[in-house]
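Chain by chain, the residues:
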Number of protein chains: 2
Amino acid sequence: MRRFDTVAILGVGLIGGSIGLALRRRKLASQVIGIGRRPESLRVALEMGAITSSTLVSAEGVAAADLVIVCTPVGRIVDDVRHVAAHCRPQALITDVGSTKGRIVADLNDSLPNGVRFIGSHPLAGSERSGPAAAEADLLVDRVVVVTPVAATRPDDLEDLCGFWLNLGARVVQMAADEHDRALAATSHVPHLVAAALAAATPDEVLGLTAGGWGDCTRIAAGDPELWRQIFVGNREPLLASLRQFEECLSVFRAAIERRDDDALVELLTAAKHRRDKVT
Amino acid sequence: MRRFDTVAILGVGLIGGSIGLALRRRKLASQVIGIGRRPESLRVALEMGAITSSTLVSAEGVAAADLVIVCTPVGRIVDDVRHVAAHCRPQALITDVGSTKGRIVADLNDSLPNGVRFIGSHPLAGSERSGPAAAEADLLVDRVVVVTPVAATRPDDLEDLCGFWLNLGARVVQMAADEHDRALAATSHVPHLVAAALAAATPDEVLGLTAGGWGDCTRIAAGDPELWRQIFVGNREPLLASLRQFEECLSVFRAAIERRDDDALVELLTAAKHRRDKVT
């Protein structure tokens, strides 16, 4: 299995910074090059030990890299991968950490310059926090990273990339990009939409009467609006389909309350509890 | 201000047990009598130091109490208060910790026997956990306790009860029972309903692809189904009105996604984030 001794991270925020920290702490890479637009973020990442050097110029940053991890917002990933591929070493591998995969993987399916290859990834480790200061070396430990190979993906590249994530302590799940997007619509994107609607629907004057339940339910609504707009737009159809399922579920609950059907209500709440109890 | 030196707690679960622990740790009551149906729960509460004695017979347990706190499920509170009132000392004060207040307070508005008085309370400190083993002495510290006096409430009783909760470290908010129910529909009951629907709408086969966001959003769906049925039934009209507001909010988000209105979507997500950011 290939060792990625020089890793370039484009976008050193929560995820990129955490990957860098883990690579350094676990002594998996001798060079971790942070590439970003904001000198301040790069300075923080350097001081934390998440990267070993930094640059504002991606063409320079990726030149020596064996692996490039694109951690920019989902709406920018395709352009960023194409751009850095033109400056990579031959045979370099590029991956990303975007929350949607279908369009990204489809758009990058044709060959990149220099024999550079791309395989999509998605570490399920987002948070309402952001920026390198929120990075943690253990962020990916026991978390799932979805890897989305395509027919043209070389088996050795796939093995190398899966090994990379495993070395960071993650669990790797391989699936098709479209399947990923349908699943994440239900497990991540609809929850975010619901959390945001719940926060928005709560009148200002009763915010003082919220407690742990409201706090938990709405926590992710504090996430970056522009990032989530890009995710919603990038996964529009699966999101709308999953949202419809949620709305239908909620209607069934509402109907049971409206017709004062105690048995149905307990049954619905019990089924929900069983589903929740399956996840620790 | 009256000191409640002997306190009886009917129903020693998460809330009742936490109140008992706090009373003992803070040396606020020399006797804390736990009353329950299950000897095992009472044994746990005794061993934890949440109560100083226990009984399965509520008539005995409340006989010497200055204050009785009814911590049974909301659907039982009215009957339990009427029952224990008949066995209380004259001038004893009774309160409850039910999550809905309107019907309870209205039903108990006429006079109780022996000059016993009732004032409703609701500590906003529930959790998906339950039972005395989950109790914590600091559960109420910095949490809001809503107290719901009526026109007939004696000012000194109200002052005594508010002082009791303040002594446990809580913040006390006084409001009418109906106002409480409308507020809690938005801040607690709709979030619970939404969390349950979200858990129920997530297909089993993608549960392995959930992460922190789903976990937070659905956490309270692990709560006791029968308890929540009683809360939903007990607060049916305000709940349905708040649910309609949530559904309308969600529809506005959906419409923005459907018509690919990026500006509207960012605006909606930003408003939701601002609302969420107001609560720590």
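Just above sits the structure.
Residues numbered from 1 in each chain as written. Chains lettered and ligands numbered in written order. Predicted model: local features only at pLDDT ≥ 70, side-chain atom pairs only at ≥ 80, totals over all residues. Heavy atoms only, no water.

## Some details on the packing of aromatic side chains
Residues and elements named next belong to chain A.
At step 1: Evaluated as defined, the whole model comprises six aromatic pairs over all chains.
At step 2: Between Trp-228 and Phe-232, the ring centres sit 5.8 Å apart and the planes meet at 55 degrees, which makes this aromatic pair tilted. Note that Trp-228 and Phe-232 are positioned in helix α9 (residues 225-234) at a spacing of four residues, about one turn of the helix. By the burial criterion, Trp-228 is buried, and Phe-232 matches it.
At step 3: A network of ring pairs unites the aromatic residues Phe-4, Phe-164 and Trp-165 as a single cluster. (Phe/Tyr/Trp six-rings, centres within 6.5 Å; stacked < 30°, edge-to-face > 60°. Helix = DSSP H or I, 4+ residues; strand = E, 2+ residues; numbered from the N terminus. Buried < 20%, exposed > 50% of the residue type's maximum accessible area, 1.4 Å probe, protein only.)

## Regarding the pattern of salt bridges
Residue and element names in this part refer to chain B.
At step 1: Counting across every chain of the model gives 46 salt bridges over all chains.
At step 2: A salt bridge links Arg-2 to Asp-160, with the shortest nitrogen-to-oxygen separation between them at 3.1 Å. Residue Arg-2 is found in the segment before β1 (6-10), and its partner Asp-160 is found in helix α6 (residues 155-167); the two are separated by 158 residues along the sequence.
At step 3: Across the pair Glu-226 and Arg-229 runs a salt bridge, and its minimum N-O distance is 2.8 Å. Residue Glu-226 and its partner Arg-229 are located together in helix α9 (residues 225-234), separated by three residues, close to a single helical turn.
At step 4: Given a relative accessible area of 31%, Glu-226 falls into the partly exposed group. (Salt bridge = Lys/Arg side-chain N within 4 Å of Asp/Glu carboxyl O.)

## Focus on the relation of the copies chain A and chain B
At step 1: If you rotate chain A by 180 degrees and push it 0.0 Å along the axis, it lands on chain B with an RMSD of 0.0 Å. Given the turn and translation reported, the copies of this chain are related as if by a two-fold rotation axis. Considering only C-alpha atoms, the part of chain A nearest the rotation axis is A:Cys217, at 2.0 Å. (Least-squares fit on C-alpha atoms with pLDDT ≥ 70 in both.)

## Some thoughts on the pairing of β1(B)
Residue and element names in this part refer to chain B.
At step 1: Taken across its five residues, β1 has five buried, putting it largely inside the fold.
At step 2: On β1, burial covers both faces: Thr-6, Ala-8 and Leu-10 on one face and Val-7 and Ile-9 on the other are all buried.
At step 3: Note: β1 against strand β2 (residues 31-35), five bridges, orientation parallel. From the neighbouring strand, Leu-10 faces β2, where its bridge partner is Ile-35.
At step 4: On the question of chirality, the crossover connecting β1 to the parallel β2 by way of helix α1 (residues 14-25) is right-handed. (Pairing = 2+ DSSP bridges. Right-handed = clockwise from strand over helix to strand, strands pointing away.)

## Quick look at the environment of A:Leu239
At step 1: By secondary structure assignment, the location of A:Leu239 is in helix α10 (residues 236-258).
At step 2: Once the C-alpha coordinates of A:Leu239 and A:Arg229 are considered, the two residues, 10 residues apart in sequence, prove to be 12 Å apart.
At step 3: The residues touching A:Leu239, leaving out its near neighbours within four places in the chain, are A:Ala185, A:His189, A:Val190, A:Leu193, A:Phe232 and B:Ile257. (Contact = heavy atoms within 4.5 Å.)

## Comments concerning helix α6 (residues 155-167) of chain A
Residues and elements named next belong to chain A.
At step 1: In this model, α6 (13 residues) spans 18 Å end to end at C-alpha, consistent with the 18 Å of a helix rising 1.5 Å per residue.
At step 2: Those residues of α6 that fall on the buried side of the exposure criterion are Asp-157, Leu-158, Asp-160, Leu-161, Cys-162, Gly-163, Phe-164 and Trp-165.
At step 3: Where α6 terminates, the next one or two residues include Gly-169, which has phi positive at roughly 95 degrees. (Expected span 1.5 Å × (residues − 1).)

## Quick word on the sheet that holds β2(B)
All names here are of chain B.
At step 1: Taken in spatial order, the six strands make up an open sheet running β3-β2-β1-β4-β5-β6, and their pairing is parallel. The open sheet terminates on both sides in strands that have one partner only, identified here as β3 (53-55) and β6 (117-118).
At step 2: Both β2 and β3 contribute to a ladder of three bridges, which runs parallel. Paired with Ile-33 across the two strands is Ser-53, which belongs to β3.
At step 3: Together, β1, β4 (67-70), β5 (93-96) and β6 form the strand contacts of α6, whose direction differs from that of β5 by roughly 55 degrees. (Axes fitted to C-alpha atoms, helices over the stretch in contact; angles between N-to-C directions.)

## Thoughts on the environment of A:Val147
Residue and element names in this part refer to chain A.
At step 1: By the element assignment, Val-147 lies in strand β8 (residues 144-148).
At step 2: Taking the relative accessible area as the measure of exposure, Val-147 reaches 0% and is therefore buried.
At step 3: Once the C-alpha coordinates of Val-147 and Ala-177 are considered, the two residues, 30 residues apart in sequence, prove to be 8.3 Å apart.
At step 4: With sequence-adjacent residues up to four places away left out, Val-147 is seen in contact with Ile-119, Gly-120, Ser-121, Leu-158, Leu-161, Cys-162, Trp-165, Val-172, Val-173, Gln-174 and Met-175.

## So, the interface of chain A and chain B
At step 1: The interface of chain A with chain B comprises 77 residues on the first partner and 77 residues on the second.
At step 2: Taken over both partners, the interface formed by chain A and chain B buries close to 7100 Å², and the fraction arising from carbon and sulfur atoms is 71%.
At step 3: Applying the counting rule to chain A against chain B returns 10 salt bridges.
At step 4: B:Asp204 is the partner of A:Arg275 in a salt bridge, and the nearest nitrogen-oxygen pair spans 3.4 Å.
At step 5: For the side of chain A that touches chain B, the elements supplying multiple residues, two or more each, are β8, α7 (177-201), α8 (212-218), α9, α10 and α11 (262-277) of chain A.
At step 6: When residues of the side of chain A that touches chain B are assigned to their parent elements, the largest contribution, 16 residues, is made by α7(A). (Buried area = accessible area lost by both parts, 1.4 Å probe.)

## Some thoughts on the sheet that holds strand β7 (residues 120-123) of chain B
Residues and elements named next belong to chain B.
At step 1: The mixed open sheet is built from three strands, whose spatial order is β7-β8-β9. Each edge of the open sheet carries a strand with a single partner, namely β7 and β9 (171-174). Adjacent strand axes in the sheet meet at a mean angle of 25 degrees, parallel and antiparallel pairs treated alike.
At step 2: Direction of pairing for β7 relative to strand β8 (residues 144-148): antiparallel, over a ladder of four bridges.

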